[in-house]
Amino acid sequence: MVLMNPTESAAVVDAPRAEQPLPVKKVGKLSPRLAFIKPSFWLPVVVLLVALGFLWNFVAKNNPYLLPPLSDVWGALAHNPSYYVSNAWSTLQVALIGLAIGFVAAYLIAILVSELPLAKRAIMPLAVVLNVTPLVAIAPALVIAFGFGPQPKLIVTALICFFPILINVSTGLRSVPSQVLQVFTTLHASRLEMLFHVRMPTALPYLFTALRIVFPLSIIGAVVAELSAPGAAEGLGTTISIAFSNSQLAVVYAAIFCLAVLGSALLAIITAIERRALHWHESMLDNKS
Amino acid sequence: MTGDSAAGSTPNSISIQSAVKIYGSGADQHVALNGVDVTIERGQFVSIIGPSGCGKSTLLRMIAGLEEPDAGDVSVFGVTPERACVAKMIGLVPQTPALLPWLNVLKNVSMPAKINSAADRRRQRIDGHLQKAKPDMRDLLTKAGLGDAFNKLPAQLSGGMQQRTAIVRAFGVQPDVLLMDEPFSALDEFTREAIQGQLLDIWDEQNTTVVFVTHSVSEAVRLSDKVLVMSARPGRITAEVDITLPRPRSEAMLKTADFHHFEDIIRDHLQTSWQQNALPSVA
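Each value, and the rule that gives it
- Residues numbered from 1 in each chain as written.
- Chains lettered and ligands numbered in written order.
- Predicted model: local features only at pLDDT ≥ 70, side-chain atom pairs only at ≥ 80, totals over all residues.
- Heavy atoms only, no water.
- Helix = DSSP H or I, 4+ residues; strand = E, 2+ residues; numbered from the N terminus.
- Buried < 20%, exposed > 50% of the residue type's maximum accessible area, 1.4 Å probe, protein only.
- Contact = heavy atoms within 4.5 Å.
- Areas by Shrake-Rupley, 256 points an atom, 1.4 Å probe, with all protein chains shown as cover.
- Core = buried A, V, L, I, M, F, W, Y, C linked by side-chain atoms within 4.5 Å.
- Phe/Tyr/Trp six-rings, centres within 6.5 Å; stacked < 30°, edge-to-face > 60°.
- Pairing = 2+ DSSP bridges.
- Axes fitted to C-alpha atoms, helices over the stretch in contact; angles between N-to-C directions.
- Buried area = accessible area lost by both parts, 1.4 Å probe.
- Salt bridge = Lys/Arg side-chain N within 4 Å of Asp/Glu carboxyl O.
- Polar contact = N/O pair within 3.5 Å; in protein donor to acceptor, adjacent residues only side chain to side chain.
- Nonpolar A, V, L, I, M, F, W, Y, C, P; charged D, E, K, R; others polar.
- Patch = residues over 30% accessible without salt bridge, like charges linked within 9 Å, V, L, I, M, F, W, Y side chains within 5 Å.
- Expected span 1.5 Å × (residues − 1).

Asks: I would appreciate a short explanation of the overall build of chain A in the present structure.
Replies: From N to C terminus, chain A includes 12 helices and zero strands. Helices and strands appear in chain A in the N-to-C order α-α-α-α-α-α-α-α-α-α-α-α. When burial is assessed residue by residue, chain A has 38% of its 289 residues classed as buried. For chain A, the share of sequence-separated contacts (at least 6 apart) that also reach a separation of at least 24 residues comes to 73%.

Dropping the structure here:
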C-alpha cells in the first residue's frame, strides 16, 4: 500500500463530504404543541367515538329503557342549557372548595408527619382507616348531622381528597437525596430553611401526582354527597336523583355528560399547571426532546 | 469531646486524634476506623486514598460533623465539627453533584449564602479565622468555565458541568475547609483531568484548605501537597506521602518522570497494605 502524505489523505477524506450536503432533519415536523392537528393524532379516537355512537343508538332504538337515544340526550341539554350550567357550577364550587379544604389540611399534616416521627405513628394508622372506609357510607351520616346545606358536601369532598395528598406529599418531603441533605447539614440549615428551600420543592412532583388524582376525585366527592342528600336544592348529583325518580333517562345522561366534561376540564387545567410548575423536572424535560 | 474546643486543637489545623468508628454490634461489628491520627495544616491540599471500604469517606464525614467518632477527638481549626458547621466553615462536595434541580446554576451556587445567615457573625468570633470577602458568584462560575450556563438547569448540563457547579457552590461560602468525597469518580478521564486543572486554579486563588477523598493515584498526586494512604479492615492510615512537585501543575506534568515517581511510591504503599490484608485470608 502506498502511503499518502497527510495533505493528500485529508483531501481524500474531505472530498466526498464537500459534495454531499449534510443530512437535514426532515422539515415539516410539527412541534409537540401542534401535534393534535395531524389526523393520526385525532382520527383513532374520533372513529371509535362515532362507532360507539352508532352502537349506542342501535341499542337505544331496541331497548329505550336501557339507553336513551343520543338525540334525546342532546335535546335535554339544548332545551334548557342554563339549568345544566347552573347545576354544574354549583357542583364545581362544592368540589373546588372541598378540595381546597382537604388540600390545606392534608399538606399541613404531611409536614407534621414528615417532621415528627411521633406524629407519624399517631396519625398514619387513623388516616389509613379513614381511607379504607367507603365515603359513600359516611355521606348519609354527615347529611343527618349537618343537614342539607353545603357542610356535608364539603366535608365529603375534603375527606376524599385528603388521603392521596397526605400520602404523596409526606413521601415527597422525605425523598430528598441523602447527599443533598449532607450538603445542607454542613451548612447548618435550620429545619425551616430545609423545609422551604429543599423539602417542599422536592415534594412538588409528588404533590402534582396527588393533584391529578384528586381533582377528578373532588367531583366524585361532591356528586356522592349530593346524591346522599335528596333534599338538596342544586348540583348535578341532585339533577340526577330528581331525573331518576321521574324516570327521565335522557336527563340523567345529560347530567352525566356534564360531569364527564367537568372532570376532563379539571384534569386538563391541573396538567397545564403541572407543566409550568415542573418545567425543571426530568419527566418534563423528557417530553421536550 | 468537651466544650467548644477539642483536645489538642489549634486554630491553624484540622486535627484528628486516635479516632475510632465502629459500625454495627456483636457479630456484625465492623471497625471502619481504628486509631486514626491526622493533622492537616491550614491552606494545604490533602488527599486520602485507599481501597473501597477503608473508611476514607467515614473520615471525611467525621470532619464534616456528619458522623461522630466512637472514641478520639476531631477538631476543625480549633473548634468541634458541629461548631464549624454552625459557623459555615465547611464546604462539602459529595460524590454526586447534589444540586437542586429546580434552580438554575447561578441560583444553585448562591443558595448557601441564603442559608444560616447568622453564621458570618459566629465565624468572626472564632479565633484565628481569616475574614475574606464574599466572592462574586458570576465571577467564580466564569472561572470554572460555566460563564454561559448561568441560567441553565442542572438537567441541561453534562456531568462535568454539574460537578463544577457543585464545586463553585462549595467555594461560594468561603469555607475554611473544602471537603470533597470522590467528586470526579463518575466522570470520564478527559473531563476529569480538565476539571482537576480548574479546581487547582480556583484553589490557588481562594487559598482554601482542601481534604480530597479519591481512589485515583494520578489524581491524588496531581492535586495534593500531601497524600494519606489508608488500608482496610480495620481502616487506618498506613503512609503519609508529601508531594513536592512544583505548582502550578499542568496536564503536561502528568507525563513527567517526577510525576510517575510519586505515583509509584503511592502504588507501592497501596499494594503493601493490600497484601497485608490479603495474607490472613490466604493462610
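Asks: Would you mind showing me how to read the overall build of chain B here?
Replies: Per the secondary structure count, chain B includes nine helices and nine strands. Each of the 283 residues in chain B was classed as buried or not, and the buried ones make up 55%. Taking contacts inside chain B between residues at least 6 apart in sequence as the whole, the part at least 24 apart equals 73%. Surface accessibility of chain B: about 11900 Å² in total, with carbon and sulfur atoms responsible for 49%.

Asks: How do you make sense of the nonpolar core when you look at a structure like this?
Replies: In globular proteins that are soluble, nonpolar side chains generally tend to be buried together. Ranked by size, the top nonpolar core spans 107 residues in total, and within it Phe-184 of chain A together with Leu-179 and Val-211 of chain B carry the most contacts. The element contributing the most residues to this core is helix α9 (residues 191-228) of chain A, with 15 residues. Dropping the residues within four chain positions of it, Val-211 of chain B is found in contact with Ile-14, Ile-40, Val-46, Ile-48, Leu-60, Ile-63, Val-177, Leu-178, Leu-179 and Met-180 of chain B. Grouped together as the second largest cluster of nonpolar side chains are 32 residues, Leu-99, Ala-144, Ala-170 and Leu-200 of chain B included.

Asks: Is there a simple way to think about the packing of aromatic side chains in this case?
Replies: Each aromatic ring pair is summarised here by two numbers: the centre-to-centre distance and the angle between the ring planes. All names here are of chain A. This structure, assessed with the given rule, holds seven aromatic pairs over all chains. Both rings, one in Tyr-83 and one in Tyr-84, keep their centres 5.3 Å apart while their planes meet at 80°; by these two values the pair is edge-to-face. Given a relative accessible area of 31%, Tyr-83 falls into the partly exposed group. For Tyr-84, a relative accessible area of 4% puts it in the buried group.

Asks: Just checking my understanding: could you explain the sheet that holds strand β5 (residues 90-93) of chain B for this structure?
Replies: What links the strands of a sheet is backbone hydrogen bonding, and the strands pair in either a parallel or an antiparallel sense. Residue and element names in this part refer to chain B. Sheet architecture is open: six strands sit in the order β5-β6-β7-β3-β8-β9, paired in mixed fashion. Every other strand in the sheet has two partners, leaving β5 and β9 (236-242) as the edge strands with one partner each. Looking at each pair of strands side by side, their axes are set apart by 20° on average, direction ignored. Here strand β6 (residues 177-181) runs beside strand β7 (residues 209-214); their pairing, made up of five bridges, is parallel. Opposite Asp-181, over in β7, you have Val-213 as the bridge partner. Lying over the sheet, helix α7 (residues 189-206) contacts β3 (45-49), β6 and β7, oriented at roughly 140° with respect to β3.

Asks: Would you mind going over the environment of Val-113 of chain A with me for this structure?
Replies: Structurally, Val-113 of chain A is set in helix α4 (residues 81-115). For the pair Val-113 of chain A and Leu-166 of chain A, spaced 53 residues apart in sequence, the C-alpha to C-alpha distance is 9.1 Å.

Asks: When you look at the interface of chain B and chain A in this model, what are you seeing that I'm missing?
Replies: Many analyses report the size of an interface as the accessible area lost when the parts associate. Each side of the interface is counted separately: chain B has 25 residues, and chain A has 18 residues. Both sides together, the interface formed by chain B and chain A hides about 2000 Å², and carbon and sulfur atoms give 74% of it. Taken together, the links from chain B to chain A amount to zero salt bridges. In this structure, the connection of chain B to chain A is made through four residue pairs in polar contact (both at pLDDT 80 or more). Among the elements of the structure, α2 (81-86), β5 and α3 (105-114) of chain B are those that each provide at least two residues to the side of chain B that touches chain A. Sort the elements by how many residues they give to the side of chain B that touches chain A and α3 of chain B lands first, with three residues. Here the side of chain B that touches chain A is built from residues that sort into 18 nonpolar, three polar and four charged.

Asks: I keep staring at a nonpolar patch on the surface and nothing clicks. Help me out?
Replies: All names here are of chain A. Together, Leu-34, Phe-36, Ile-37, Phe-41, Trp-42, Leu-43, Val-45, Val-46, Val-47, Leu-49, Val-50 and Phe-54 give the surface a local cluster of nonpolar side chains, amounting to about 1200 Å² of exposed area. Along the chain, the position of Val-50 falls in helix α2 (residues 39-62). By relative accessible area, Val-50 is classed as partly exposed at 45%.

Asks: I would appreciate a short explanation of helix α6 (residues 135-146) of chain A in the present structure.
Replies: Structurally, the α-helix is built with 3.6 residues per turn, so residues lying three or four positions apart point the same way. When the terminal C-alpha atoms of α6 of chain A are compared, their 16 Å separation across 12 residues agrees well with the 16 Å that a helix rising 1.5 Å per residue should span. One or two positions beyond α6 of chain A, positive phi appears at Gly-147 of chain A, with a value near 80°.

Asks: Please explain the pattern of salt bridges as it appears in this structure.
Replies: It is possible for side chains bearing opposite charge to pair when their charged atoms get close. In this structure the tally under the stated criterion is 12 salt bridges over all chains. Here Arg-191 of chain A ties to Glu-115 of chain A by a salt bridge, and the two come within 2.9 Å at their closest N and O atoms. Remark: Glu-115 of chain A occurs in helix α4 and Arg-191 of chain A occurs in helix α9; sequence separation between them is 76 residues. The partner of Lys-56 of chain B in a salt bridge is Glu-182 of chain B, and the shortest N-O contact between them spans 3.7 Å. One end of the pair, Lys-56 of chain B, is in helix α1 (residues 56-63); the other, Glu-182 of chain B, is in the loop between β6 and α7, and 126 residues separate them in sequence. Looking at Lys-56 of chain B, the relative accessible area reads 5%, which means it is buried. The network of salt bridges with common partners includes Glu-115, Arg-191 and Arg-199 of chain A.

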